[in-house]
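Descriptive analysis of the structure
Residues per chain are reported as follows:
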Number of protein chains: 2
Amino acid sequence: MLSKVELYKFFVEPFHVDFTGHLFLGVLGNHLLNAAGHHSHNRGWGIDQLNEAHFTWVLSRLCIELTEMPSQYEHVEVETWVESVMKLFTERNFLIRNADDGRIYGYARSVWAMIDTETRHPADLLKLKDGDILRYLLTADEKPCPIEKHGRVRVSSDSPYRCIDTYYGDIDINGHVNSVKYIEHILDLFPREQYEHHRIRRFEIAYKAESHLGDALIFFCEENNGEHQVEIRKRKGESEIRLGELEKRPAETVVQAKVIWE
Amino acid sequence: MLSKVELYKFFVEPFHVDFTGHLFLGVLGNHLLNAAGHHSHNRGWGIDQLNEAHFTWVLSRLCIELTEMPSQYEHVEVETWVESVMKLFTERNFLIRNADDGRIYGYARSVWAMIDTETRHPADLLKLKDGDILRYLLTADEKPCPIEKHGRVRVSSDSPYRCIDTYYGDIDINGHVNSVKYIEHILDLFPREQYEHHRIRRFEIAYKAESHLGDALIFFCEENNGEHQVEIRKRKGESEIRLGELEKRPAETVVQAKVIWE
């Protein structure tokens with residue numbers, strides 16, 4: 001049987017760093033999702049393998065907390081493992097460290113559901129493949145992930161901060177705006193000065209609904225004590241909406257996120 | 001002495017493919033630039049090595065021509081080499097093939113200049129490091145790159161097709177909009193139907209000037225026989241410009257590009 005922990009390595013490429021020379025958080029998110037993909041694929045739970053049985057993984061939440069962001073030209077290692085499995089959700093954790101000196105940049109937590117691609121209903125993870133997933137569990141006692149679980153995000157503001165159109169490059173193979181693109185659009189809400197003077201200590205995102213090519217994404221934001229909460233709502237198939245033209249808050253929440261700065 | 005050709009490998013990740021399951025051209029561009037970076041670094045001509053002597057490479061042109069775009073989960077190999085060196089420019093070519101069966105996806109050509117980061121003046125490539133770069137030349141006879149060199153782009157239209165604001169995620173470590181982001185913004189000009197029915201056979205881009213965080217980018221487009229020409233002009237530090245509000249064509253051209261579909 002394979003080890004319960006998958007090791008995934010990457011190099012911090014020049015085009016993947018921001019103007020401060022640190023890895024873009026969206027690119028880090030992409031690497032974490034790749035690490036998750038390799039872990040599950042190597043254990044018979046990959047999306048490519050599940051597709052044949054018309055099941056697929058859906059990312060529900062992702063939360064990243066870092067004491068340091070990797071810098072250009074650094075070699076990084078990600079460890080990933082499954083901390084818990086419930087009927088409808090599984091929790092997958094990550095440890096992110098420097099591959100050369102072993103110093104730990106931080107940790108991440110994620111929550112996933114499995115859905116039936118034909119009915120769009122959630123599947124019972126404990127019943128699939130005769131409970132095979134339980135063989136890979138590493139409890140919090142066995143392998144700690146010393147960051148808090150996801151919190152709640154509440155944005156009550158009715159004033160949109162930004163509207164953007166979605167384009168070809170936002171869309172993944174399933175035709176949905178891809179999980180990493182939402183992270184990038186949220187980070188684009190902040191001005192240069194924010195990144196010059198502050199570092200993101202913790203980033204949380206919850207995926208509530210899907211949006212599609214041509215939907216307008218509308219960003220509602222609130223700040224409390226250096227903690228930014230962001231809610232993205234969508235308007236189906238509408239483009240070039242201007243802030244002043246939005247007569248009311250659109251109904252459907254797509255994403256909720258929290259950015260905590262240091 | 002090192003071989004004149006550098007081999008660079010990559011894997012087509014799930015989050016790097018478009019809704020048709022093919023690699024985003026911007027991501028391929030990023031891989032080509034990485035391959036170039038490794039080739040030059042391994043031969044003492046890397047940006048990190050040149051920075052100490054206050055020189056840096058500037059990408060002037062990139063042109064990619066493909067008979068097939070790599071698909072999700074494929075392993076790809078890129079060969080890169082230097083075809084010519086003149087006083088102010090060097091030409092670097094690329095071959096892109098499948099790592100498993102060797103089939104060739106296509107080729108790419110690029111043109112680079114070296115500038116002095118203090119004076120911003122171009123440097124004489126033939127004089128730097130006593131002409132060391134000439135040791136790595138592979139002429140067109142020795143290693144063919146069977147695609148045409150860069151053509152000319154002329155967009156005479158005065159009607160902007162789209163204006164976009166630039167954000168945190170567009171900017172590289174030098175504080176400029178990064179070369180790959182322009183490619184992505186250009187590809188975002190086309191609607192879903194274009195990608196459903198057509199494939200990009202050839203993409204050309206020429207970098208004319210730098211733009212910065214907060215500049216507005218204004219896209220002018222023209223189509224002739226399935227060939228799209230795009231010119232990006234900038235307005236410094238202006239955001240939320242609407243198409244109808246542009247009283248005249250802004251002066252400074254940042255990028256010129258051509259997209260040829262099959």
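First things first, this report covers the structure right here in the doc. (Residues numbered from 1 in each chain as written. Chains lettered and ligands numbered in written order. Predicted model: local features only at pLDDT ≥ 70, side-chain atom pairs only at ≥ 80, totals over all residues. Heavy atoms only, no water.)

A word on the sheet that holds strand β1 (residues 6–11) of chain A
Residues and elements named next belong to chain A. Selection criterion: Paired strands are those between which DSSP finds at least two bridges. Only DSSP runs of H or I reaching four residues or more are called helices, and only runs of E reaching two or more are called strands; each is numbered from the N terminus. Only C-alpha atoms enter the line fits that serve as axes; for helices the fit covers just the stretch in contact. Angles between N-to-C directions range over 0 to 180 degrees. Contact definition: two residues touch when any of their heavy atoms are within 4.5 Å.
Strand order in the open sheet made by the ten strands is β1-β3-β4-β5-β2-β7-β10-β9-β8-β6, with antiparallel pairing throughout. Edge positions in the sheet fall to β1 and β6 (162–165), since each has one partner strand and no second. The average angle at which neighbouring strand axes cross in this sheet is 20 degrees, direction not considered. Of the pairings in the sheet, the one linking strand β2 (residues 55–66) to strand β5 (residues 104–116) comprises eleven bridges and is antiparallel in character. Bridging from a neighbouring strand, I64 pairs with A108 of β5. Sitting on the sheet, helix α3 (residues 179–187) is in contact with β2, β6, β7 (200–207), β8 (216–224), β9 (227–235) and β10 (252–261), with an inclination near 130 degrees to β7.

As for the interface of chain B and chain A
So the rule is basically this: By convention, the term buried area covers the 1.4 Å-probe accessible surface removed from two parts as they join, with the contributions of both added. Any Lys or Arg side-chain nitrogen found within 4 Å of a carboxyl oxygen on Asp or Glu counts as a salt bridge. Any N or O atom pair separated by 3.5 Å or less is treated as a polar contact, with the protein-specific requirement of one donor-capable and one acceptor-capable atom, and with residues adjacent in sequence counted only for side-chain atom pairs.
Every contact between the two is made by 41 residues of chain B and, on the other side, 41 residues of chain A. Taken together, both faces of the contact between chain B and chain A bury some 3600 Å²; the carbon and sulfur share is 55%. Between chain B and chain A we count zero salt bridges in total. Summed over the shared surface of chain B and chain A, the result is ten residue pairs in polar contact (both at pLDDT 80 or more). Looking at the side of chain B that touches chain A, the elements with two or more residues in it are β1 (6–11), α1 (25–42), α3 (179–187) and α4 (192–197) of chain B.

Here's the deal with helix α1 (residues 25–42) of chain A
All names here are of chain A. Just so we agree on the cut-off: Each helix should span, by expectation, one fewer than its residue count multiplied by 1.5 Å. The cut-offs for exposure are 20% and 50% of the maximum accessible area for each residue type, with area from a 1.4 Å probe on protein chains only; residues under the lower value are buried, those over the upper are exposed, and the others partly exposed.
The terminal C-alpha atoms of α1, which comprises 18 residues, lie 26 Å apart, in line with the 26 Å expected from a rise of 1.5 Å per residue. With respect to burial, α1 is a largely interior element, 14 of its 18 residues being buried. Positive phi shows up at G44, right after α1, with a value of about 80 degrees.

Re the packing of α1 of chain A against α3 of chain A
Residues and elements named next belong to chain A. Convention followed: Each angle receives one of four descriptions, namely roughly parallel if under 35 degrees, roughly antiparallel if over 145, roughly perpendicular if within 65 to 115, and oblique otherwise. Whether a crossing is left-handed or right-handed is set by the direction in which the near helix is turned from the far one by less than a right angle, anticlockwise for left-handed and clockwise for right-handed.
Here α1 crosses α3 at 160 degrees, and the two axes come no closer than 9 Å. On the basis of the axis angle, α1 is roughly antiparallel to α3. The handedness of the crossing between α1 and α3 comes out as right-handed. Here L25, G26, G29, N30 and L33 of α1 lie close against α3, whose contacting residues are S179, V180, I183, E184 and L187.

Digging into a nonpolar patch on the surface
Applied cut-off: Two distance rules govern patches: like charges are joined within 9 Å, and nonpolar side chains (Val, Leu, Ile, Met, Phe, Trp, Tyr) within 5 Å, applied only to residues with over 30% relative accessible area and no salt bridge. Accessible surface area values rest on a Shrake-Rupley calculation with a 1.4 Å probe, where residue burial reflects the displayed protein chains alone.
A cluster of nonpolar side chains, contributed by M86, L88 and F89 of chain A, occupies part of the molecular surface with about 240 Å² of accessible area. Taking the relative accessible area as the measure of exposure, F89 of chain A reaches 35% and is therefore partly exposed.

All we've got here are geometric facts, nothing functional implied.
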